[in-house]
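Take a look at the letters that make up each chain.
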Amino acid sequence: MSGFINGKGVAWACGDAHKRQKRTILPAFGAPHSETSLKVSKASADRLCAKWMDIVSGTNDERAVIDVYKWLSRATLDVIGQAAFGDYFGCLDDPNHILVRSYQNAIASILGSPSPQHIFMLEIFKYFPTWITEHLLEYSKDKRCMLVKGMRETIVGVARELVKKRRDVYAEGSTDEYKDINQEDKDALGLLVKEYMKDENEEEILAQVRTLLISGHETTTHTLEWALLELAKRPGVQAKVREEARQAETAVRGRDGLWRVVDLEGMAYTVAVVKEVFRYHCTLPHVYRVAAKEDVVPLAKPIRTDIGLTTKEIRIPQGTRIVASIAGYNRNPDVWGDDADVFNPDRWMSGGGKEAATVGVYANLLTFWDGPRACIGWRLAVIETQIFLIEIISRFEVSLSEKATRIRREACGVVAPTVEGEVEKGVQLPLVISVVQQ
């Protein structure tokens, strides 16, 4: 399905192909580029807040019900546009932008609320050779498959234009705006285009651009939605974030007015809230793997088998299909304590859980996975989530609307908010946004 939607990019590739693709684009998301990620994320957050301020200022009581999903998805598209491709899409300014029309509610429409027939076919596809599955999906007249193909055609056009634009720039030798202070390419597109110019693999570079476009904004959008919903439910937590954000803003203005990553890291309580959001609301709840060879997996606790034997390990035959639960680990009481199913940022103020083996790339969480297939954009996601929360909460009070009391978790590849009784309307999160005194 990943290949059908986004092409054979880094999320689809395996083995040596995955290593090569990841090696190409990983430098664009490394620690040296964190300050750039912060700069573009803050600029988008500022534009979003200005739009919301215009809306609420036009009301009598300076408060309005806003579907934050529609706004956040556009804002995060602008972030990934600048952070990964060096291009300002302008989605916040244009609700009819081609990317907005292609992506908003697309994943929920494609993967959400599957019918029994769809579930049956997905199970059957597991036993087909890949080439047969690809052929069936490509020529299917199913409504969801047609939606994917329509979206894919549009996004391929956008990706091809981005690549052409950068190739033309490189051909002219005008590359300064895409370089960092060390004269290295500062975004993924530059690295991809240089690689593409070596071997002319257009299909692969277009797949990479499509993968970064969807993964770079979809998951962060839903993370921010869940964060705002939790803060709307907890005015006390929201007030503490606001107080800390304003203190940090005062310090930044007193220095030189420029936010730095170290400023974010110094906000202990807000960092705790961000970590708890990533723990409690991992937007990608499961990952799917196939054992490339036979292996034996040790267990943290012994289990009793169906025939009554106790074992501390499990043999995994080659070809075994594995569903690894990120959500299960992130809410495991053995790791996080008896309140693992409770949203509680304070757990991070006192160590963040019980003693356990360190996993993942961030905060002992599996949210961004681990190992060679860990999320390459995790630093951007963390920085973007925190600066958006800082900008929004320092300016607005967020509270529950009537519909927000009926939010349900929709499993659609990611976990997105929908309203009970209005699932057919797709993803939505209507919250009451009101101005707070500066």
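Anything mentioned here points back to the structure above.
Not measured: the values here are computed from a predicted model.

Asks: Requested: an account of the overall build of the protein chain, with residues and values cited.
Replies: From N to C terminus, the protein chain includes 17 helices and nine strands. Computed over C-alpha atoms, the radius of gyration of the protein chain comes to 22 Å, within 12% of the 22 Å expected from 2.2 N^0.38 for 438 residues, which places it in the range of a compact globule. Projected onto the principal axes, the alpha-carbon positions of the protein chain cover approximately 65 × 65 × 45 Å. In the protein chain, buried positions account for 49% of the 438 residues. Entry remark: accessible area of the protein chain is about 21,300 Å², with carbon and sulfur atoms responsible for 55%.

Asks: Break down the pattern of salt bridges for me, citing the residues and quoting the values.
Replies: Any two side chains of opposite charge can pair, so long as their charged atoms come close to each other. If you walk through the whole model with that rule in mind, you get 31 salt bridges. The partner of Lys51 in a salt bridge is Asp93, with the nearest N and O atoms 3.1 Å apart. Of this pair, Lys51 sits in helix α3 (residues 34-57) while Asp93 sits in the loop between α4 (68-85) and α5 (98-103), and the two are 42 residues apart along the sequence. Glu420 is paired through a salt bridge with Arg408; the nearest N and O atoms lie 3.5 Å apart. With Glu420 in the loop between β8 (414-419) and β9 (430-435) and Arg408 in strand β7 (residues 407-412), this residue pair connects regions lying twelve residues apart in the sequence. Looking at Glu420, the relative accessible area reads 45%, which means it is partly exposed. A residue is classified by how much of its surface remains accessible, and Arg408, at 26% relative accessible area, is partly exposed.

Asks: Give me the lowdown on empty space enclosed by the protein, citing residues and values where you can.
Replies: Per the stated rule, a full pass over the model turns up five cavities of 30 Å³ or more. Here the largest cavity defines a volume of roughly 100 Å³. Together, eleven residues line the largest cavity, and Leu192, Glu195, Tyr196, Glu204 and Ile205 are the ones closest to its centre. Where the lining of the largest cavity is concerned, the elements lending two or more residues are α2 (15-25), α10 (188-199) and α11 (202-233). Residues belonging to the lining of the largest cavity are distributed by class as follows: three nonpolar, four polar and four charged.

Asks: Give a detailed account of the environment of Phe125, specifying residues and quantitative values.
Replies: Along the chain, Phe125 turns up in helix α7 (residues 116-125). Sequence-wise, Phe125 and Leu137 are twelve residues apart; in three dimensions their C-alpha atoms are separated by 10.0 Å. Setting aside chain neighbours within four positions, we find Phe125 in contact with Thr133, Leu136 and Leu137.

Asks: Which residues make up the sheet that holds strand β1 (residues 63-67), and what values do they have?
Replies: As summarised here, the arrangement of the three strands in space is β1-β9-β6, forming an open sheet in which the pairing is antiparallel. Two strands bound the open sheet, and with one partner strand each, they are β1 and β6 (396-400). Across this sheet, the average inter-strand angle for adjacent strands is 35 degrees, counted without regard to direction. In the sheet, β6 pairs with β9 via five bridges, with the strands oriented antiparallel. Bridged to Val398 within β9 is Ile433. The strands touched by α11 are β6 and β9; relative to β6, the strand with the most contacts, the crossing angle is about 85 degrees.

Here is what the cut-offs are and how they apply
- Residues numbered from 1 in each chain as written.
- Predicted model: local features only at pLDDT ≥ 70, side-chain atom pairs only at ≥ 80, totals over all residues.
- Heavy atoms only, no water.
- Helix = DSSP H or I, 4+ residues; strand = E, 2+ residues; numbered from the N terminus.
- Rg over C-alpha atoms; globule rule 2.2 N^0.38 Å.
- Buried < 20%, exposed > 50% of the residue type's maximum accessible area, 1.4 Å probe, protein only.
- Areas by Shrake-Rupley, 256 points an atom, 1.4 Å probe, with all protein chains shown as cover.
- Salt bridge = Lys/Arg side-chain N within 4 Å of Asp/Glu carboxyl O.
- 1 Å grid on protein atoms, 1.4 Å probe; cavity = no way out; pocket = protein on both sides within 12 Å on 5 of 7 lines; lining within 4 Å.
- Points joined across faces, edges and corners; volume = space filled by probe spheres on them.
- Nonpolar A, V, L, I, M, F, W, Y, C, P; charged D, E, K, R; others polar.
- Contact = heavy atoms within 4.5 Å.
- Pairing = 2+ DSSP bridges.
- Axes fitted to C-alpha atoms, helices over the stretch in contact; angles between N-to-C directions.

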